[in-house]
Amino acid sequence: MNQIDNNNNIPTQEPQRQLYFIEKAGELVRQMEGQKGRRLTACIQTFGCQMNARDSEKLLGILEQVGFVESEREDADLVLYNTCTVRDNANQKVYGRLGYLNNLKKKNPDMLVALCGCMMQEPEVVAKIKKSYPFVDLIFGTHNIFKLAELLYERLQRKKMVIDIWDAAETIVEELPVERKYPFKSGVNIMFGCNNFCSYCIVPYVRGRERSRRPEDILAEIRRLAADGVVEIMLLGQNVNSYGKNLEQPMTFAQLLRQVGEIEEIKRIRFMTSHPKDLSEELIQAMKETPKVCRHLHLPLQSGSTRILQEMNRRYTKEQYLALVDRIRQAIPEISLTTDIIVGFPGETEEDFAETMDVVRQVRYDSAFTFIYSKRTGTPAAAMEHQVLQSAVKDRFARLLREVQTISAEVCGRDAGTVQKVLAESVDDHQEGFLTGRLDNNLIVHFPGTVDLIGSIVEVNLAESKGFYYMGSMIRS
Ligand code: SAM
Ligand code: SF4
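Residues numbered from 1 in each chain as written. Chains lettered and ligands numbered in written order. Predicted model: local features only at pLDDT ≥ 70, side-chain atom pairs only at ≥ 80, totals over all residues. Heavy atoms only, no water.

Asker: What is the right way to look at the sheet that holds strand β13 (residues 336-343) in this model?
Answerer: Consider a sheet: its strands pair through backbone hydrogen bonds, and that pairing is either parallel or antiparallel. What the three strands build is an open sheet, ordered β12-β13-β14; its pairing is parallel. Here the strands that pair on one side only, and so sit at the sheet edges, are β12 (296-298) and β14 (367-372). Neighbour-to-neighbour, the strand axes of this sheet turn through a mean angle of 15 degrees, independent of strand direction. Relative to β13, β12 is paired through three bridges, and the arrangement is parallel. Across the sheet, His298 pairs through a bridge with Thr338, a residue of β13. (Pairing = 2+ DSSP bridges. Helix = DSSP H or I, 4+ residues; strand = E, 2+ residues; numbered from the N terminus. Axes fitted to C-alpha atoms, helices over the stretch in contact; angles between N-to-C directions.)

Here is the structure:
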């Protein structure tokens, strides 16, 4: 126990404990503001997936309550990196940027540098930071982001590096402040962690076992968001299809989706990610019968070779994946499919790669995220023999990318000349007087419009397809 915990006035229950520390850290921040004669700024840099993006909104919510003003600049008074470790290049990027932060901190010794997220769950990373980057002030992991105010308070009191990494989540803390990036759309975590242990993937080790939030908490959060002007939500989980299995009163993701669909002010529902092995007929029906569910499904393939899929521990075959795609398209013909593919998994031969290309040609994805396999310490695949030669991987990667892009340019234009509902999201960066919006199937549309329309759903004639986006004109709002 540290000094802070010995003080009897501190609430032991969450979220009251964190609200207490928001107040206490806020007092210290106000003192520092008095000394500097200005507000203190905080910059959060997010690496990685939508889960991290949502975590960063929660972290910013806490920092703003403490008294910081958000900044985009890395010479802020507090810089927080919310890290990713899915592939090694994400780690390397963080180490590179830490060198830059060290220089900034030399110019401003009061600057605070904090690191959190998946990378910090790896003991060798924390050891390296302690040894090579001693100027870092605060390190915490994925399971205790809700504690930011408490940890910050501790750091400001103790004036030396604070490290707090948990091996597993003890609790899901509800109802802490959140600062959303967009006023009209929001991610909503429905579950945390993953139990699938795909053999290449580090996520189960750094995000822990699968835990579902209670449906009443999820629905209450979405109602609050709706009352605050949100019209589109993205339900987030590493594998949303296994939602609810570990609840006291188990329920399926399909049941949750239908309940979310009944919240009147919510006009669009997206979700991410669906593991093909768990995508049920019940879910296909729920998607079909809930018009607010967007006509877009991200269905990670990873490889088209049944042999490699088995080595990856994905628990479906090429044929099962293709049959699933057929069933989805029969039920919802207009659906857009996107995917993730890994090239160069250990032991992947030219024949295995040809199977992947075959699936890409058969499914004709709207788009695909293509990744070069990255060896992650501690995963079963890292110990596998026959790691593929880099030259072969690069060649396959280039061929896959070409195929994906060619198909994408062909299929993405299929709605040209039709009128579609578009959520106006932002001012178009490239053309004055234009807005940028998103179709139900996630494609981008640029069309003439005024700022007051941002956040509303308007009807747009998709006059011209430009391959990966459309140029259109509004019919009416
Ligand atoms: N839970 C999601 C799923 O199963 O699809 C995705 C999680 S992961 C953050 C996103 C993508 O990163 C995966 O779908 C996979 O394609 C890719 N990925 C994960 N581990 C990888 C590795 N070691 N090397 C290359 N790509 C990897
Ligand atoms: Fe990683 Fe597989 Fe879990 Fe996705 S389902 S997070 S790829 S282990």
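Asker: Sorry, what's going on with the site of ligand 2 here?
Answerer: Around ligand 2 sit Cys194, Asn196, Phe197, Cys198, Tyr200, Cys201, Val203, Pro204, Gln238, His275 and Arg314, and those are all the residues in its vicinity. Looking at the shell around ligand 2 residue by residue, the classes come out as seven nonpolar, three polar and one charged. (Near = heavy atom within 4 Å. Nonpolar A, V, L, I, M, F, W, Y, C, P; charged D, E, K, R; others polar.)

Asker: Teacher, can you tell me more about the pairing of strand β3 (residues 78-83) here?
Answerer: The two faces of the sheet receive side chains in turn, since in a regular strand these alternate between them. A large share of β3 lies buried, amounting to six of its six residues. Of the two faces of β3, the one holding Leu78, Leu80 and Asn82 and the one holding Val79, Tyr81 and Thr83 are both buried throughout. The pairing of strand β1 (residues 41-46) with β3 spans five bridges and is classified as parallel. Directly across from Ala42, in β3, lies its bridge partner Leu78. Viewed along the sheet, the connection from β3 through helix α4 (residues 88-107) into strand β4 (residues 112-117) turns out right-handed. (Buried < 20%, exposed > 50% of the residue type's maximum accessible area, 1.4 Å probe, protein only. Right-handed = clockwise from strand over helix to strand, strands pointing away.)

Asker: Where do I start with the packing of helix α8 (residues 215-227) against helix α9 (residues 253-261) in this structure?
Answerer: In a packed pair of helices, the relevant descriptors are the angle between the two axes and the axis-to-axis distance. Running from N to C, α8 and α9 point in directions that differ by 30 degrees, and their axes come no closer than 11 Å. The angle between α8 and α9 falls in the class roughly parallel. Crossing of α8 over α9 shows right-handed handedness. Residues Pro215, Ile218, Leu219 and Ile222 of α8 pack against Leu256, Gln259 and Val260 of α9. Looking at the contact of α8 with α9, its residues break down into six nonpolar, one polar and no charged. (Parallel < 35°, antiparallel > 145°, perpendicular 65-115°, else oblique. Left-handed = near helix turned anticlockwise from the far one by under 90°. Contact = heavy atoms within 4.5 Å.)

Asker: Looking at this structure, I do not really get helix α13 (residues 350-363). What am I missing?
Answerer: Along an α-helix, a turn takes 3.6 residues, which lines up residues three or four apart on a common side. Between its first and last C-alpha atoms α13 spans 20 Å; for 14 residues at 1.5 Å apiece the expected length is 20 Å, and the two agree. Taken as a whole, α13 has its buried residues at Asp352, Phe353, Thr356, Met357, Val359, Val360 and Val363. All buried residues of α13 lie within an arc of 155 degrees about the axis, which places them on one face of the element. Here the buried face of α13 lies against α11 (306-311), α12 (318-331), β13 and α14 (390-411). Trailing α13 by a residue or two, Arg364 shows a phi angle of about 55 degrees, which is positive. (Expected span 1.5 Å × (residues − 1). Arc of directions from axis to C-beta.)

Asker: How should I be thinking about the packing of aromatic side chains in this particular structure?
Answerer: Two measures describe an aromatic ring pair: the distance that separates the ring centres and the angle between the ring planes. Tallying each qualifying case throughout the model produces 12 aromatic pairs. Measuring from centroid to centroid gives 5.9 Å for Tyr95 and Tyr133, while their planes differ by 15 degrees, and the two rings are stacked. In this pair, Tyr95 sits in helix α4 while Tyr133 sits in the loop between α5 (123-132) and β5 (138-140), placing the two residues 38 residues apart along the sequence. Pair check on accessibility: Tyr95 and Tyr133 agree, each one buried. Relative to Phe345, the ring of Tyr200 has its centre 6.4 Å away and its plane inclined at 85 degrees; by these criteria the two rings are edge-to-face. In this pair, Tyr200 is assigned in the loop between β8 (191-192) and α7 (203-207) and Phe345 in the loop between β13 and α13, connecting sequence segments 145 residues apart. The exposure classification of Tyr200 matches that of Phe345, with both residues buried. The structure contains a cluster of three or more aromatic residues connected by ring pairs, namely Tyr20, Phe21 and Tyr153. The ring of Tyr95 carries the charged tip of Lys128 above its face, separated from the ring centre by 4.0 Å. (Phe/Tyr/Trp six-rings, centres within 6.5 Å; stacked < 30°, edge-to-face > 60°. Lys NZ or Arg CZ within 6 Å of the ring centre and 35° of its normal.)

Asker: Just checking my understanding: could you explain the environment of Gln405 for this structure?
Answerer: With respect to the element layout, Gln405 can be found in helix α14. Here Gln405 falls in the partly exposed class, since its relative accessible area comes to 42%. Expressed as a C-alpha distance, the spacing of Gln405 and Ser473, which sit 68 residues apart in the sequence, is 26 Å.

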